[in-house]
Amino acid sequence: MAASSRAQVLDLYRAMLRESKRFGAYNYRTYAIRRIRDAFRENKNVKDPAEIQALVNKAKRDLGIIRRQVHIGQMYSTDKLVIENQEKPRA
């Protein structure tokens, strides 16, 4: 993978994770983060430039979807789940 392509993929990965962390709903947030990590790990050994470009284009479309869903989720926010309100034990 070319250096510019690698940098583009890493930037896209970070942007998708950053945007997913903005989901208000715990279940959506954890699912999106897990799915993004799994998808990028699954495709980390792809060498074909055409296939890499197709995957980058798909990820860009998915990033747009995540941004729209985060915005919609913010308009219809709900109370936090019990699991989100738990304090971490002190050491």
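Scroll up to find the structure.
None of the values given here were measured: they were computed from a predicted structure.

### A closer look at the packing of aromatic side chains
- According to the stated counting rule, one finds 2 aromatic pairs in the structure shown.
- Ring geometry for Phe23 and Tyr28: centres 6.2 Å apart, planes at 40 degrees, overall tilted.

### Details of the environment of Lys21
- Relative to the helices and strands, Lys21 resides in the loop between α1 (3-20) and α2 (26-42).
- Under the relative-accessibility criterion, Lys21 is labelled exposed at 52%.
- Separated by 49 residues in the primary sequence, Lys21 and Val70 have C-alpha atoms spaced 9.2 Å apart.
- Setting aside its immediate chain neighbours within four residues, Lys21 contacts Arg29 and Ile33.

### Digging into the side chain of Glu19
- Counting through the fold element by element, Glu19 comes out in helix α1.
- Classification of Glu19 by relative accessible area gives buried; the value is 11%.
- Here the side chain of Glu19 touches Arg22 through a polar contact of 2.8 Å, side chain to side chain.
- Excluding anything up to four places from it in sequence, Glu19 contacts Leu63, Ile66, Arg67 and Val70.

### Here's the deal with helix α3 (residues 49-75)
- The terminal C-alpha atoms of α3 lie 39 Å apart, and with 27 residues this matches the ideal 39 Å at 1.5 Å per residue to within 8%.
- Of all the positions in α3, only Ile52, Val56, Ala59, Leu63, Gly64, Ile66 and Val70 are classed as buried.

### Notes on the environment of Ile52
- As for its position among the elements, Ile52 is in helix α3.
- The sequence separation of Ile52 and Arg6 amounts to 46 residues, and the corresponding C-alpha distance is 9.8 Å.

### Quick look at the nonpolar core
- Ranked by internal contacts, the top residues of the largest apolar core, which has 16 residues, are Leu12, Met16, Phe23, Ile36, Val56, Leu63 and Ile66.
- Those elements giving two or more residues to this core turn out to be α1, α2 and α3.
- Residue contacts for Ile36: discarding those within four places in its chain leaves Tyr13, Met16, Leu17, Ser20 and Ile66.

About the criteria used
- Residues numbered from 1 in each chain as written.
- Predicted model: local features only at pLDDT ≥ 70, side-chain atom pairs only at ≥ 80, totals over all residues.
- Heavy atoms only, no water.
- Phe/Tyr/Trp six-rings, centres within 6.5 Å; stacked < 30°, edge-to-face > 60°.
- Helix = DSSP H or I, 4+ residues; strand = E, 2+ residues; numbered from the N terminus.
- Buried < 20%, exposed > 50% of the residue type's maximum accessible area, 1.4 Å probe, protein only.
- Contact = heavy atoms within 4.5 Å.
- Polar contact = N/O pair within 3.5 Å; in protein donor to acceptor, adjacent residues only side chain to side chain.
- Expected span 1.5 Å × (residues − 1).
- Core = buried A, V, L, I, M, F, W, Y, C linked by side-chain atoms within 4.5 Å.

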